[in-house]
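A look at the structure
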Amino acid sequence: MRELCIRANYGYSGRYVERITLAKDAGFDSVFISMRRAGKRLATFDNICQAIDLAKENGVKLEFLHMPNLKEINSIWQVGDMGDIYTDYLIGMISHSRLLGVKKFCLHTCYKREVDAPSELALRRFQRIANACERFGCVLGIENTESRLHDEFVLDNLDSKAVGFCYDSGHEMALYHAKCGSLLDKYGDKLVLVHLHDNMGEHDDHLLPFDGVLDWDKITTKLAKCPDVNVVLEVKKQGDPDSLDETKQYLATALDRAKKLRSMIEAKK
Ligand SMILES: [Zn+2]
């Protein structure tokens, strides 16, 4: 059966271990974590090792690691040494995490749209990351984010069994302004991960599924035709970030929504 996962940073201000333990206690099978720190800073290898170890020590499973979605990724599209160095940072982070047992990663192709045009140079760098994933025996999902041009360039041109599509339902609506599930028509056969969340159509709100305007009937129909993946909620609680009671209630509701999506997908297989 598909497992149910929620992002570790779901909008409660408690410390990392408390947040992931609450998610586990609420009934989620796993969490995912991001390789960035507060203040939009890149995580160091030490930060990530510590986060992986703490999850293990507390019996919380990691579904995947989210590579840092910060402006540094844009260097991959630029001429100059920084693009090679940042590519090496990502490869190092993947290999380090892989040694600690992590098998899946997701990556944005760029940060916002402040990025140079697609080029062979950038593709060679993404191909180096893909080759490293193959060598380390792990899976990388390329996520749809802000620039459809860059996302499709990478997805269409990367040649690797280790790389697939990470479908983000909220980004499809708010950032691509595309019909719900239409990306699954194009890249569904390459699906390796999902980020499921809702919004009102304008902003990337990361609401719980069924709290916004997304057509979940259509999305689950298309997901049912794709390779099986776990149900991952990339959601963020609104309201008081310090309230423990509110957080527990939120996690209970989030789990119900994840189960509902799983049932809808399974019913359409
Ligand atoms: Zn996402």
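Note that residues are indexed from 1 along each chain, following the sequence as it is written. For a predicted model such as this one, the threshold for reporting local features is a pLDDT of at least 70, and the threshold for listing and counting side-chain atom pairs is 80 or more; totals across whole chains, interfaces and linings nevertheless cover every residue. The basis for every side-chain value is the complete set of heavy atoms in the structure, and neither hydrogens nor water enter the calculation.

Attention now goes to the packing of helix H8 (residues 216–224) against helix H9 (residues 244–267). Angles here are taken between N-to-C directions and fall from 0 to 180 degrees, while the axes themselves are lines fitted to C-alpha atoms, restricted in helices to the stretch in contact. Each helix is a run of H or I in the DSSP string that is no shorter than four residues. Each strand is a run of E no shorter than two, and both are numbered from the N terminus. At a minimum axis separation of 8 Å, H8 and H9 run at an interaxial angle of 55°. As judged from the angle between their axes, H8 and H9 are oblique. H8 and H9 meet at a crossing whose hand is right-handed. Touching Trp216, Asp217, Thr220, Leu223 and Ala224 of H8 are Leu261, Met264 and Ile265, all from H9. In what follows, roughly perpendicular refers to angles from 65 to 115 degrees, roughly parallel to angles under 35, roughly antiparallel to angles over 145, and oblique to any angle outside these ranges. Take the far helix as the reference: if the near one is turned anticlockwise from it by less than a right angle, the crossing is left-handed, and if turned clockwise, right-handed. Between two residues, a contact is recorded if the distance between any of their heavy atoms is within 4.5 Å.

Two rings from Phe, Tyr or Trp (for Trp, the six-membered ring) form a pair when their centres sit within 6.5 Å of each other. Planes less than 30 degrees apart are called stacked, planes more than 60 degrees apart edge-to-face, and all others tilted. Within this structure, the stated rule accounts for eight aromatic pairs. Centre to centre, the rings of Trp77 and Phe153 are 6.0 Å apart; their planes meet at 55°, and the pair counts as tilted. Taken together, the residues Trp77 in the loop between strand E5 (61–66) and helix H3 (81–99) and Phe153 in helix H5 (residues 148–157) connect sequence positions 76 residues apart. Exposure categories follow from relative accessible area, calculated using a 1.4 Å probe and restricted to protein chains: below 20% of the type maximum is buried, above 50% is exposed, and the middle band is partly exposed. Judged by relative accessible area, Trp77 falls into the buried class, the value being 3%. For Phe153, a relative accessible area of 17% translates into the label buried. These aromatic residues form a ring-pair network of at least three members: Phe45, Tyr86 and Tyr89. Criterion for a charge above a ring: Arg CZ or Lys NZ at most 6 Å from the ring centre, at most 35 degrees from the ring normal. The ring of Phe210 has Lys260 lying over it, and the distance from NZ or CZ to the ring centre is 4.1 Å.

Attention now moves to the sheet that holds E5. At least two bridges found by DSSP between two strands are what make those strands a pair. Spatial strand order, E9-E8-E7-E6-E5-E2-E1-E10: eight strands in an open sheet with parallel pairing. The open sheet terminates on both sides in strands that have one partner only, identified here as strand E9 (191–195) and strand E10 (231–233). Geometrically, the sheet is characterised by an average inter-axis angle of 30° between neighbouring strands, direction not taken into account. Bridge count between strand E2 (residues 30–34) and E5: five bridges; the pairing is parallel. The residue bridging Val31 from the neighbouring strand is Leu62, located in E5.

Before going further, it helps to examine the layout of surface pockets. A pocket here means an open set of points on a 1 Å grid, computed over the protein atoms alone, that has protein on both sides within 12 Å along at least five of seven lines. A cavity is instead a set of points where a 1.4 Å probe fits but cannot get out; residues with an atom within 4 Å of a point line either one. Grid points are joined across faces, edges and corners, and a volume is the space filled by probe spheres set on the points. There is about 1,200 Å³ of room inside the largest pocket. When contributions to the lining of the largest pocket are tallied by element, the ones reaching two or more residues are helix H1 (16–26), E2, strand E3 (36–37) and helix H2 (45–57). Note on residue categories: nonpolar means Ala, Val, Leu, Ile, Met, Phe, Trp, Tyr, Cys or Pro, charged means Asp, Glu, Lys or Arg, and polar means any other residue, Gly included. Looking at the lining of the largest pocket residue by residue, the class counts come to 13 nonpolar, 14 polar and 11 charged. Lining the second largest pocket are Ile52, Ala55, Lys56, Val60, Lys61, Leu62, Glu63, Leu100, Gly101, Val102, Lys103 and Lys104. Those elements that provide at least two residues to the lining of the second largest pocket are H2 and E5. Among the residues making up the lining of the second largest pocket, the classes are represented as six nonpolar, one polar and five charged.

What follows concerns the packing of H3 against helix H4 (residues 120–136). For the pair H3 and H4, the least separation of the axes is 10 Å and the interaxial angle reads 15°. Our classification of the angle between H3 and H4 gives roughly parallel. When the axes of H3 and H4 are compared, the crossing they make is right-handed. Between H3 and H4, the contacting residues are Gly83, Asp84, Thr87, Asp88, Leu90, Ile91, Ile94, Ser95 and Arg98 on the first element and Arg125, Arg128, Ile129, Ala132, Cys133 and Phe136 on the second. Each residue belonging to the contact of H3 with H4 can be placed in one class, and the counts come to seven nonpolar, three polar and five charged.

This brings us to the coordination of the zinc ion. In ideal tetrahedral geometry, four donors around a metal make angles of 109.5 degrees, whereas ideal octahedral geometry with six donors gives angles of 90 or 180 degrees. Because no water is among the atoms considered, metal sites can look incomplete, with donors defined as N, O and S atoms within 2.8 Å of the metal, or 3.2 Å for Na, K and Ca. For the zinc ion, the protein coordination sphere consists of Glu143 (OE), Asp168 (OD), His195 (ND1) and Glu234 (OE), at 2.0 to 2.2 Å. For the zinc ion, all donor residues lie on one chain, and their spacing in sequence is E-x24-D-x26-H-x38-E. Linking Glu143 in strand E7 (residues 139–143) with His195 in strand E9, this pair joins segments that are 52 residues apart in sequence. When sorted by exposure, Glu143 lands in the same class as His195, which is buried.

Turning next to the pattern of salt bridges. A pairing counts as a salt bridge when a side-chain nitrogen of Lys or Arg comes within 4 Å of a carboxyl oxygen of Asp or Glu. Inspection of the entire model under this criterion finds 15 salt bridges. Residue Glu3 is joined to Lys61 by a salt bridge in which the shortest nitrogen-to-oxygen separation is 2.8 Å. Of this pair, Glu3 sits in the segment before strand E1 (4–7) while Lys61 sits in strand E5, and the two are 58 residues apart along the sequence. Relative accessible area serves as the criterion here: at 23%, Glu3 is assigned to the partly exposed category. Here Lys61 falls in the partly exposed class, since its relative accessible area comes to 42%. A salt bridge links Lys268 to Asp217; the shortest N-O distance between them is 2.7 Å. Taken together, the residues Lys268 in the segment after H9 and Asp217 in helix H8 connect sequence positions 51 residues apart. Linked through salt bridges whose partners overlap, the residues forming this network are Arg2, Asp228, Glu266 and Lys269.

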